Amino acid sequence: MTERHLQPLLHDLVGVVHAPTSALGDRAGQIRPAGVQGVFHADARVLSRAELRVDEREPEALTYGPDGPHGARFVGLARWLGDPGPDPTVRVERVRRAGPHGLDEEVRVVSTATTPVRATVSVDLGCDLAPIEVVKSGATATPIEAKADQPGELSWSADGITVTVTGEDARAHPGRTPRLSWPVDLAPGGAVTLRWGLRVDDPRAVVAAPRAEPSWSRPEVRADDRRLVRLLDRSLDDLRGLRLTEPAAPGDVFLGAGVPWFLTLFGRDSLWAARMMLPLGTELAAGTLRVLARRQGTRIDPTTGEAPGKILHELRRHEFALGDQGLRLPPAYYGTVDATMLWVALLHDAWRWGLTADEVEPLLPHLEAALGWLGEHADADGDGLVEYVDTTGHGLANQGWKDSGDAVRFRDGRLAAPPIALAEVQGYAHQAAVNGADLLDAFDRPGADRWRGYAERLAARFRATFWVDGGPAGPRPALALDREKRPVDALTSNIGHLLGTGLLSGEEEAQVARLLTGDALAGGFGLRTMSTDDAGFSPLSYHCGSIWTHDTAIVLAGLARAGFREAALGLAEGLLGAAEAFDHRLPELYGGDDRTLLGRPVPYPAACRPQAWSAAAAVLLLQAGAGLHPDVPNGRVALRPLAGPELGALTVHGFRIAGAPVDVQVDQAGRATVTGLPATLRLDLPVPTPRSAPTLVPR
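Residue positions are given per chain, counted from 1 along the sequence in the order it is written. Whole-chain, interface and lining totals are the exception, using all residues; otherwise, since this is a predicted model, local features are given only for residues with pLDDT of at least 70 and side-chain atom pairs are given and counted only at 80 or more. Hydrogen atoms and water are omitted, and side-chain values are computed over all heavy atoms in the structure.

Turning next to the overall build of the protein. What counts as a helix is a DSSP run of H or I of at least four residues, what counts as a strand is a run of E of at least two, and both are numbered from the N terminus. Along its length, the protein carries 14 helices and 35 strands. Radius of gyration means the value over C-alpha atoms here, while the globule rule gives 2.2 Å times the residue count to the 0.38 power. Relative to the 2.2 N^0.38 estimate, which gives 27 Å for 699 residues, the radius of gyration of the protein is 26 Å and therefore close to what a compact globule would have. Taken over the C-alpha atoms alone, the protein extends approximately 80 × 55 × 50 Å along its principal axes. A simple rule labels every residue: compare its accessible area, found with a 1.4 Å probe on the protein chains alone, to the largest value its type can have, and call it buried under 20%, exposed over 50%, or partly exposed in between. The buried share of the protein, taken over its 699 residues, is 61%. For the protein, contacts bridging at least 24 residues in sequence account for 65% of all contacts bridging at least 6. His is not counted, nor are the chain ends; Lys and Arg add positive charge and Asp and Glu add negative charge. For charged residues, the charge sits on one atom: NZ in Lys, CZ in Arg, CG in Asp, CD in Glu. A gap of 2 Å separates the mean positions of the 72 positive and 88 negative side-chain charges of the protein. Whether two residues are in contact is decided by their heavy atoms, any of which lying within 4.5 Å being enough.

Next comes the structure, spelled out in C-alpha cells:
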C-alpha cells in the first residue's frame, strides 16, 4: 500500500511570530521533531527540534500563555527534585520570543525547597531546513549534521541558509543528537536563568522584517462587552508580528498572510487585511498598494498566470509544489481572479480615509492598468462576466478566495466545471469599475464614463443570469456560473460579499440579508461557507461548511453598513463567542457545527493561527460597532453604530481619519458622539433607520 502523507495538524500547537520568523510547539513548550512543529524563517524550517529536559526527564506541563506580542510563557514542574511531599517545590518556566532574525529562549528554574537542588538542564536540538511545502504535505526531511566550531555554539548550513544556536554559558554537544547543557546548583530558595538563542542568515529570502515600529494607531477601547476589548488587544499584537517588507524596499510594509503556511506576500490576503485596518491609518494600505504595484503584471504568461495589469497572488523563494495534489506554483504566481479588483478597492477606500493626493497620484497608472486587465483579460469568453480557468493543469483550479479544488459545488454536491464565474467576483468587478471611475474623475484622468458603463452592463448581466429559485426562502444569487453558464445553485456565504458593491438593488440586498441570517448559514459561531441544506456541506470542509473569520467579518460589516442591524448583531455574537473559545486569537477558520453541539466552536485542525485577515477582522468589528464611515475627498463622515442596546456601550479613542486622531463614543441607547474630526469634514446625521431582515439565530 502506498503511504499516504497527511497535512500536519495545528489546532493544539502554540505559536509565536515576528515575521519572517515563527515558531510552533506543543502546550508544554516542547518543539518536537514531528508534524509542523519547528522554527520557520521565510519558507524554511530552520529548527525542527528543541526539547527541554531536566536530568533527562521532561518537566510536567502545567500551563502556558502569551508573553508580549511576540512571545509565549510555559510553566512546568520538576517534581522529582526538591522536598518530598505533595506540594511541588521546583518550578521550570520557559519564555520563548520570536525575533526578525531568529528566536530567543529563557529557561528559569526556581526552587522553594528547603534543601539544595542539583541537576543538569539540557535542550536537544535538530535542523532539517525543510521547505514549507514539504512540511505542509506531511512528508519528512533528513536532519542536517550540526557543527560545533565555538564553545556553546552549534550551527547548520545548506541551500544558502546558515542557522546558529548559541547557549549562554552552555556546553555544546554536536553528535547525533545536538544538545546544549547547563549544570544547575541551587541553594534553598534559589533560582537560575539559562539563555539560548537562534540566529538565521538567509540572504535569499524574498521577505524581511520592517525596521520601524507599526505605523497604525493602537486605540484605547472601553466596551460593555469586554470580549471585544480582549479580542482587539490580542489581534493587534498578532498583526504587529505579521508585518513584512521586501528586502529591496524596506519602507513599504504589508502583512504576511498567516502562520505557518502563508507567511509571505499574498495579494488577496494582504489587500483585505490592509483594507480592514484603514480605521487605524492609511500607511499600511499605502505600503501594500505600492508593493503589489511594483509586481503588477506586464505580459501574458500562462505558466505563471500573469497578464498585463493583473495583481500577484503569492510570492515564494522557489516553486511551491505539493506533489500529492499535483500542485506546482511558480515563485511569483498570479493565479487569482479577485486580487486586481481588491487592489482598486483598497486604493479607493484608503483615499476615502484620507490617503493624500501625493500618495494616490503615483499609483494612478497602476489603477489604469488594473482596470485595463478587467476590461481586456478578465472576461475570456466575452459573455460580460469575469471568470477564471487554470490552463496549466498544475495551478489553482479555483482562483477566488475559496480556492480549494472542491469549493464550487452545485446544491446536489456536483463539482462545477471551469471556466467559472463567481458571484462575489462580479460584485468586486462592479465596485472596482465604479471606484476606479471616481478616482479617474477626481484626478482629471480620462475613462470614467467607460467604467461606469461597464458597471451598468455587468449589473444587468448578473441580474439576468445569477438569480435562481431558492424554494421557500425565496430567490437567491447562485454561487457561480459553470462552463455551460449554468447557475451553481448552492447557498453559500459568497453572496454576502455582494453587499455594498452596488451590484444589488435595495430589495435584492434585503433578500440576501434574509438568506444570510437563516439557521442554515448562520447557525454556527459565525457564517458558514455553505448551507447545511446543501449536499456538499461538511462542518470541517475547508470551504464547504466551515466558518472563516474574515468572511464572517466582511459580511457582518456589509450588513451593518446597509442597515441590517439585527443580522449584523447575530454574526457579531458568533465571532465574539468564538474569540473567547480560542483565547482571543481567532484562527483562519473553524468548524461550522451548530452552536448547541458543544457550546464552543470545533477547531479546524490545519488552520493558520495567527492569520492576517482573521486578526484584522477585530478592527473591522470595532469599526462596525462605532459605525464610522469617512469620505474625506467629499468632506463628510457617515455614522451608523452597531453598538447600543444589544452590543452595549462602546468608546474608542484613536481612530484615524486623514491623519487626525478621532474618538467615537456610543452609549447604551445607541446615541453616538464624535470628536476630533478635521475642520474640513462634517458629520452626516441623523443615522438612518435600520432595515428589516430579522435574524433567525437566537442570540
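Counting 167 residues, the largest nonpolar core has W343, V408 and L559 as its most contacted members. Counting residues per element, this core draws most heavily on helix α14 (residues 612-626), which supplies twelve residues. With residues up to four places along the chain from it excluded, the contact list for W343 reads L271, L289, L292, A293, I311, L363, H366 and L367. Residues grouped as a nonpolar core are buried Ala, Val, Leu, Ile, Met, Phe, Trp, Tyr and Cys residues, joined through side-chain atoms within 4.5 Å. One finds A44, V107, V184 and L198 within the second-largest nonpolar core, a separate group that totals 45 residues.

Another aspect to go through is the sheet that holds strand β10 (residues 117-126). Whether parallel or antiparallel, the strands of a sheet pair through hydrogen bonds between backbone atoms. By this definition, two strands are paired if DSSP reports at least two bridges between them. The four strands lie next to each other as β5-β10-β14-β13, forming an open sheet whose pairing is antiparallel. Looking at the sheet topology across the chains shown, the edges are occupied by β5 (49-54) and β13 (171-173). Between one strand and the next, the sheet's axes are offset by a mean angle of 20°, whatever the strand orientation. Here three bridges tie β13 to strand β14 (residues 179-186), and the two strands are oriented antiparallel to one another. Within β14, the position partnered with H173 by the bridge is R179. Note on geometry: axes are lines fitted to C-alpha atoms, helical ones only across the stretch in contact, with angles between N-to-C directions running from 0 to 180 degrees.

Looking now at the sheet that holds strand β32 (residues 650-657). Read from one edge to the other, the open sheet built from four strands follows the order β16-β32-β33-β34, with strand pairing classed as antiparallel. Every interior strand has two partners, whereas the edge strands, β16 (220-223) and β34 (672-675), have only one. Within this sheet the neighbouring strands show an average axis-to-axis angle of 25°, counted without direction. Where β16 and β32 come together, four bridges link them in antiparallel fashion. The residue of β32 that forms the bridge with V221 is V652.

Our focus in this paragraph is the pairing of strand β17 (residues 243-246). Of the two faces of β17, the one lined by R243 and T245 and the one lined by L244 and E246 are each fully buried. Here β17 pairs with strand β18 (residues 249-255) via three bridges, running antiparallel. Residue pairing across strands places L244 opposite F254, the latter belonging to β18. Hairpin connection, β17 to β18: the antiparallel pair is bridged by two residues.

For helix α12 (residues 549-562), with 14 residues, the first-to-last C-alpha span of 20 Å sits near the 20 Å given by 1.5 Å per residue. In terms of burial, α12 is a largely internal element, 13 of the 14 residues being buried. Residue G563 follows α12 closely and has a positive phi angle near 95°. By definition here, a helix of n residues has an expected span of 1.5 Å times n minus one.

Close approach of charged atoms allows side chains with opposite charge to pair. Salt bridges are defined by distance alone: a side-chain nitrogen of Lys or Arg within 4 Å of a carboxyl oxygen of Asp or Glu. All told, the structure shown has 60 salt bridges when counted by the stated rule. Note that E51 and R32 form a salt bridge whose closest N and O atoms lie 3.1 Å from each other. Of this pair, E51 sits in strand β5 while R32 sits in the loop between β2 (21-25) and β3 (38-41), placing them 19 residues apart in sequence. When salt bridges that share partners are traced, they join D26, R32, R49, E51, R53, E56, E58, D124 and R179 into one network.

With respect to the helices and strands, the residue G500 is situated in the loop between β27 (487-488) and α10 (506-516). Judged by its relative accessible area of 54%, G500 is exposed. In this structure, the C-alpha to C-alpha distance between G500 and D583, residues 83 residues apart in sequence, is 32 Å. Those residues in contact with G500, other than ones at most four positions away along the chain, are Q431 and E509.

For Phe, Tyr and Trp, where Trp contributes only its six-membered ring, two rings pair if their centres lie within 6.5 Å, and the inter-plane angle classes them as stacked under 30 degrees, edge-to-face over 60, or tilted in between. Throughout the structure, instances matching the rule amount to eleven aromatic pairs. Each ring, one from F462 and one from F466, has its centre 4.5 Å from the other, and the planes form 15°; the classification is stacked. Cluster of aromatic residues (ring-pair linked, three or more members): W401, Y542, W548, Y604 and W613. In this arrangement the basic side chain of K136 is found over the ring face of W261, its NZ or CZ atom lying 5.5 Å from the centre. Positioned above the aromatic ring of F525 is the side chain of R595, whose terminal nitrogen or guanidinium carbon lies 5.9 Å from the ring centre. Criterion for a charge above a ring: Lys NZ or Arg CZ within 6 Å of the ring centre, and within 35 degrees of the ring normal.

Below, the discussion takes up the packing of helix α2 (residues 226-241) against α14. The axes of two packed helices give the description: the angle between them and the distance between them. As a packed pair, α2 and α14 sit with axes 9 Å apart at the nearest point and diverge in direction by 140°. With respect to each other, α2 and α14 are oriented oblique. Of the two elements, α2 crosses α14, and the hand of that crossing is left-handed. On α14, the residues that touch L228, L231, L232, S235, L236, D238 and L239 of α2 are A612, A615, A616, A618, V619, L621 and L622. Angle categories: roughly parallel below 35 degrees, roughly antiparallel above 145, roughly perpendicular from 65 to 115, and oblique for all the rest. Crossings are classed by handedness, with left-handed meaning an anticlockwise turn of the near helix from the far one by less than a right angle and right-handed meaning a clockwise turn.

Taken by themselves, the reported measurements are silent on function.
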